[in-house]
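# Structure assessment
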Amino acid sequence: MSVIRIASTVHSCLRSASLAAAAGVFAAVLAAAPARADDYDAAVKDIQSTMGGVPSFVKQFPKAGLPGAWAEVKAIELSDKTALPPKVKSLISLAVAAQIPCTYCIWSDTQDAKRAGATDEEIQEAVAMAALTRHWSTVFNGMQVDFDQFKKEMGGE
């Protein structure tokens, strides 16, 4: 499992444990240097403070990676100072989760999307868009469609 998928799963699980968490996707690039014990303890304390508790899976996550993963969750997913609003983040995350598939993420992203104001129709359309993208990606890649020709025909270069 890739670092990105592990971090994404953690982020979705962290969101599902908190009503305050609103949505979305976070890019995962864990800190290159191992975390110190005090960094881990500070991250756990911040999770407790932010979420009102520490989900049990957090204790299963590698101690060296938790401070970086939590920092990214807070900076991207939980922040109100990002380019994407919470509803859009959660719909994107749900569409990705449906493709992976990740039952944990699908459940938590759906809950987050609803808390962020997404309608059932918006949720359904996000998942349908993921399916449509996956379908055509399979066609283009499997048939080895010429990429330069594709771009030209689709109004590109």
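First, a word on scope: everything that follows refers to the structure included in this document. This is a predicted model, so every value here is computed, not measured.

### Describing the overall build of the chain
For the chain, the helix and strand inventory stands at seven helices and zero strands. Traced from its N-terminal end to its C-terminal end, the chain shows the element sequence α-α-α-α-α-α-α. Burial status across the chain gives 32% buried among its 157 residues. The contacts in the chain between residues at least 6 apart in sequence include a share of 67% that link residues at least 24 apart. As displayed, the chain has an accessible area near 9,500 Å², and 61% of this comes from carbon and sulfur atoms.

### Let's talk about the packing of helix α2 (residues 37–51) against helix α3 (residues 66–77)
Two elements in contact, α2 and α3, have axes whose closest approach is 8 Å; the angle formed by their N-to-C orientations is 35°. Taken as a pair, α2 and α3 cross one another with a handedness that is left-handed. Residues Asp39, Tyr40, Ala43, Val44, Asp46, Ile47, Thr50 and Met51 of α2 pack against Leu66, Pro67, Trp70 and Lys74 of α3.

### Structural notes on the packing of helix α4 (residues 86–99) against helix α5 (residues 103–115)
Across the interface, α4 lies against α5 with an axial gap of 9 Å and an inter-helix angle of 160°. With respect to each other, α4 and α5 are oriented roughly antiparallel. Considering only the axes of α4 and α5, their crossing is left-handed. Taken together, the residues of α5 that come into contact with α4 (itself represented by Ser90, Leu91, Ser93, Leu94, Ala97 and Ala98) are Cys105, Ile106, Asp109, Thr110, Asp112 and Ala113. Tallied by class, residues from the contact of α4 with α5 come to seven nonpolar, three polar and two charged.

### Some thoughts on the side chain of Thr110
With respect to the helices, strands and loops of the structure, Thr110 is situated in helix α5. By relative accessible area, Thr110 is classed as buried at 17%. Those residues within four positions of Thr110 in sequence are excluded, and the remaining contacts are Leu94, Cys105 and Ile123.

### Thoughts on α5
For α5, which comprises 13 residues, the first-to-last C-alpha distance of 18 Å matches the rise-based estimate of 18 Å (1.5 Å per residue) to within 8%. Buried residues of α5: Cys105, Ser108, Asp109, Thr110, Asp112 and Ala113, and no others.

### Quick look at the pattern of salt bridges
Per the counting criterion, the structure on display carries seven salt bridges. The residue Lys87 makes a salt bridge to Glu122 at a minimum N-O spacing of 2.9 Å. Of this pair, Lys87 sits in helix α4 while Glu122 sits in helix α6 (residues 120–142); the two residues are 35 residues apart in sequence, bridging distant segments of the chain. Classification of Lys87 as partly exposed rests on a relative accessible area of 26%. Measuring nitrogen to oxygen at the nearest pair gives 2.4 Å for the salt bridge that ties Asp112 to Arg115. Separated by three residues within a single helix, Asp112 and Arg115 lie in helix α5, roughly one turn from each other.

### Side note on the environment of Ser93
Of note, Ser93 is situated in helix α4. Taking the relative accessible area as the measure of exposure, Ser93 reaches 5% and is therefore buried. In this structure, the C-alpha to C-alpha distance between Ser93 and Ala113, residues 20 residues apart in sequence, is 9.3 Å.

### Here we look at a nonpolar patch on the surface
There is a patch of nonpolar side chains on the surface, built from Met129, Leu132, Trp136, Phe140, Met143 and Val145 and spanning about 580 Å² of accessible area. Looking at where Phe140 falls in the secondary structure, it is placed in helix α6. In this structure Phe140 comes out as partly exposed when scored by relative accessible area, which is 30%.

Cut-offs used in this document
- Residues numbered from 1 in each chain as written.
- Predicted model: local features only at pLDDT ≥ 70, side-chain atom pairs only at ≥ 80, totals over all residues.
- Heavy atoms only, no water.
- Helix = DSSP H or I, 4+ residues; strand = E, 2+ residues; numbered from the N terminus.
- Buried < 20%, exposed > 50% of the residue type's maximum accessible area, 1.4 Å probe, protein only.
- Contact = heavy atoms within 4.5 Å.
- Areas by Shrake-Rupley, 256 points an atom, 1.4 Å probe, with all protein chains shown as cover.
- Axes fitted to C-alpha atoms, helices over the stretch in contact; angles between N-to-C directions.
- Left-handed = near helix turned anticlockwise from the far one by under 90°.
- Parallel < 35°, antiparallel > 145°, perpendicular 65-115°, else oblique.
- Nonpolar A, V, L, I, M, F, W, Y, C, P; charged D, E, K, R; others polar.
- Expected span 1.5 Å × (residues − 1).
- Salt bridge = Lys/Arg side-chain N within 4 Å of Asp/Glu carboxyl O.
- Patch = residues over 30% accessible without salt bridge, like charges linked within 9 Å, V, L, I, M, F, W, Y side chains within 5 Å.

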